Amino acid sequence: MTNPADRHARIVIIGGGAIGASTACHLARAGVSDVLVLEKSQLTNGCTWHAAGLVGQLRGKRNLTRLMQNSVAVFDRLEEEAGAAVDWKKVGSLRLAASKDRWSEIRRSMTQAKSFGVECEALSAGEAKKLFPYIETDGIEGAAFIPGDGYIDPYALTHAYAKAARAGGVKIQEGVTVTDVVVKDRRVTGVVTDHGTIGCDILVNCAGLWAKRVGEMAGVKLAAGVVEHQYFLTEKALEFDPTLTTLRDPDHNFYLKPDTGAFAIGGWEDGSKGCWRGRPPLDFGRELFPANLDRLELFALPAAERLPVLNEIGIQTVINGPIPVSADGEPIMGLPPELDNFFVACAFTAGIAASGGAGEAMANWILHGDPGMDLWAFDARRFGAVHAQSRYLEERAIEAYAAYYKIHWPGEEAEAGRGLRRSPLYGRLKASGAVYGSKFGWERPNWFAPAGMDPVDEPSFEGKPNWFDAVGSECQAIRERVALIDQSSFSKFEVSGPGAHQALEAIASNKVPEQPGQAVYTQLCNAGGGIEADLTIVHRAEDAFLVVTGSGFGVRDSSWIARQLPTDGSVTLREVTQDWSTINLCGPSARTVLQAATDDDVGNEALPFLSARTIEVGHAEVLAVRIGYVGELGWELYVPQACAGHVYDTLWEAGQAHGIANAGYRAVEACRLEKGYVYWSADIGPDVNPYEAGLGFCVALDKGEFTGRSALEEIRGQNRRRRLVTLALDGFVPLHGSEPVLCDGELMGAVTSAGYGHEVKHTIAFALLPSDVGMDTPLEVEAFGSTFKAKTTRRCHYDPAMARLKA
């Protein structure tokens, strides 16, 4: 440190809200007492004190639901453990559907609940009214009731965490403001406060509203924004049973928590106001903003339609306070890439409900390097510097806030903050009907609207979306002719130096090519054998490798590699995503088209499968890598950004005689399912190993030591309890992921990803199922209240011999 520390703690936690207190509590529960919590004011004085305290468990992913379930388990035991009341009311939650589309969304959630192990009941409008007598039932299509949900007192909960933490030896200091973070050689060495300097081995940013500011003190860019949120408390003029359930009516954009003789009612309205560009003043304390009655009406008036009693009683108080919201509306947890001992747990919009599970996960992460489950959807590494830019972040946070109760359609795309990162092909493809989505700030063509069709998404839960036939045509071009796919958003980084090959060999599970001109598909595994990354490594030149991964995985994957590189300077890692455009040329006529555009030999002997060579296309030099994600003959062409338009035009002209077409990412998704290719974060992840996933062919146990080798060697010799299975379902079935897979009514597992195979003319689903499920096991997949027969098949439904891929 610049100045000697006045004192030292092994772990310093900044922030005394529900998340910080819970993290301290769970560290103490794990036997760690050398922990210091620093709170600049008093416990709960950020935004915990004005939180409503609703607790809901069901989320869109299994492990996120597990996190919320873990919270409920903590609430169930905390009062006894801490010896302090938490006022936990496990009265359940009732969610209404006032439209057919909402009822489809809720029925999908109920189906997921079954696969996640969450008790959930479907109710009629009449049954819902018996649970909550105040509702007007007109227009209600149905309702869902989760008996394990409820509400809790945020103030009491936080102080119970603190009491349990202190009992375990944790020190909590209030009235201490952190003003700077001291960093040396990628490590925090301490914090500067208005009460002296404190050294630490680990720093945890649980600063809530101030998390972005604390991150900037440490040189860490966090996509943690702040927006205004309002709710009101009615006059205490009601009499109801103390077991009255909580209520959510997303179509009327409000939630309700019973209070003593009153209702607390809030909403997630459009047009909320961003605050301070995510950087509140350090002296902002236990304060609120003036009520905004125009915005309040946006949920108060619809609430009065559903609850006529609100027209008979007045409003006692309006609470308008700042709350944290990230760039995608989900919390930010874990270890950001910039530093090696700076953990974050921030941007919790539903921080009270998540606090128990989040504190438990953070304690595991800090002590064991793993949260205990795959939390990619919350992981700090899902964001990059682009998401933390002030105006971009504020726009996205406001949109994410307003979207909280909107219908979340399959394949929906954000609208805020669009157009930031564009491929050189953007204008050409837009003029050709491209309908763009967004990934990591990049505009990416999802599909192409044919002439006469509006280039807009019209999604569906239970039917075919409007892009279904257009995507089918793109798949036909890929399978029968030739197509161009703009994949410039691929994350790309260069690993170079005299120790590069040795370093990558020690990280990758597959054998990294020793000679330039070769590529390999590999996983990067953790010490337990779980898959941390799924990517391609290209040996481009002597001591120089190009690593290519998915658009949203670059920060995570490059960080995973960087932390394992030697520190002697023999290897460097450099981001090159924006240096290169990537054009995928694929289809049975791909070689004919490429050969017409180049004087170089691109025959199978000159450029076999998994080869990589620099060739000339038109007037430009490109790196041609014989690989792809659709299962056809093809190349990923890595082109200098300045030359991308020229290369695209050259290939397009050369392909005219062969019916060349543009294709988008939705066609890629359909083709990869047919080919049996997996997707990281859906089918595979840190809690799935290569042998379970059918990727044992990518594990080179004979090459020497690499991360995860010992675990994988042990796993290979064991009888595996589960495996990733491919299912075939007749015709079109509306599957979107996480649907339960049943055998004779018994839950066997859940769908990891699914879609329609336009070439094979049926629905394909991947699912993690017990290993004893065989080809003859009678299976069904449940979706939207119906069951569909499913047959276990071989992994690959298209070209299993790989004759076309290697042609």
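Above this text is the structure in question.
Cut-offs applied
- Residues numbered from 1 in each chain as written.
- Predicted model: local features only at pLDDT ≥ 70, side-chain atom pairs only at ≥ 80, totals over all residues.
- Heavy atoms only, no water.
- Helix = DSSP H or I, 4+ residues; strand = E, 2+ residues; numbered from the N terminus.
- Expected span 1.5 Å × (residues − 1).
- Buried < 20%, exposed > 50% of the residue type's maximum accessible area, 1.4 Å probe, protein only.
- Contact = heavy atoms within 4.5 Å.
- Axes fitted to C-alpha atoms, helices over the stretch in contact; angles between N-to-C directions.
- Parallel < 35°, antiparallel > 145°, perpendicular 65-115°, else oblique.
- Left-handed = near helix turned anticlockwise from the far one by under 90°.
- Nonpolar A, V, L, I, M, F, W, Y, C, P; charged D, E, K, R; others polar.
- Pairing = 2+ DSSP bridges.

### Overview of helix H1 (residues 18-29)
Piece 1. In this model, H1 (twelve residues) spans 16 Å end to end at C-alpha, consistent with the 16 Å of a helix rising 1.5 Å per residue.
Piece 2. Burial analysis of H1 places eleven of its twelve residues in the buried class, which makes it a mostly covered element.
Piece 3. Ala 18, Ile 19, Gly 20, Ala 21, Ser 22, Thr 23, Ala 24, Cys 25, His 26, Leu 27 and Ala 28 are the residues of H1 that are buried.
Piece 4. Against strand E1 (7-14), strand E2 (35-39), helix H2 (62-82), helix H5 (154-167), strand E18 (342-346) and helix H8 (351-368) lie the buried residues of H1.
Piece 5. Directly after H1, the chain includes Gly 31, whose backbone phi takes a positive value near 95 degrees.

### Looking at helix H3 (residues 100-116)
Piece 1. Between the first and last C-alpha of H3 there are 24 Å, a value that for 17 residues agrees with the 24 Å anticipated at 1.5 Å per step.
Piece 2. With 13 of 17 residues buried, H3 is to be regarded as a mostly interior element.
Piece 3. Once H3 finishes, Gly 117 follows within two positions and takes phi at roughly 80 degrees, a positive value.

### Concerning the packing of H1 against H8
Piece 1. The geometry of H1 relative to H8 is characterised by a closest axis approach of 7 Å and an angle of 45 degrees between their N-to-C directions. By the angle between their axes, H1 is oblique relative to H8. H1 and H8 meet at a crossing whose hand is right-handed. Contacts between H1 and H8 involve Ala 18, Ile 19, Ser 22, Thr 23, His 26 and Leu 27 from the former and Gly 351, Ile 352, Ser 355, Gly 356, Ala 358, Gly 359, Glu 360, Met 362, Ala 363, Ile 366 and Leu 367 from the latter.
Piece 2. Considered class by class, the residues forming the contact of H1 with H8 number nine nonpolar, seven polar and one charged.

### Structural notes on the sheet that holds strand E36 (residues 779-783)
Piece 1. Taken together, six strands build a closed barrel; the order of strands is E32-E35-E34-E33-E36-E37 and the barrel is antiparallel. For this sheet, the mean angle separating the axes of adjacent strands, direction not counted, is 45 degrees.
Piece 2. Inspection of the sheet shows strand E33 (residues 740-743) paired to E36 by two bridges, in the antiparallel sense. Opposite Val 741, over in E36, you have Val 781 as the bridge partner.

### Let's talk about the environment of Arg 107
Piece 1. Within the element layout of this structure, Arg 107 appears in helix H3.
Piece 2. Residue classification places Arg 107 among the buried positions, given a relative accessible area of 18%.
Piece 3. Separated by 677 residues in sequence, Arg 107 and Phe 784 have C-alpha atoms that sit 5.3 Å apart.
Piece 4. Every residue in contact with Arg 107, bar those within four places of it in the chain, is listed here: Glu 462, Phe 784 and Gly 785.

### Focus: the sheet that holds strand E14 (residues 254-259)
Piece 1. If you trace the eight strands from one edge of the open sheet to the other, you get E5-E6-E4-E13-E14-E15-E12-E16, paired in mixed fashion. Looking along the sheet, the strands with just one partner apiece sit at the ends: strand E5 (121-123) and strand E16 (315-326). Here the average twist between neighbouring strands, direction ignored, is 20 degrees.
Piece 2. Running over the sheet, H3 touches strand E4 (93-97), E5 and strand E6 (142-146) and is turned about 140 degrees from E4.
Piece 3. Along the sheet, helix H7 (residues 293-306) makes contact with E4, strand E12 (224-234), strand E13 (246-249), E14, strand E15 (262-266) and E16, crossing E12 at roughly 45 degrees.

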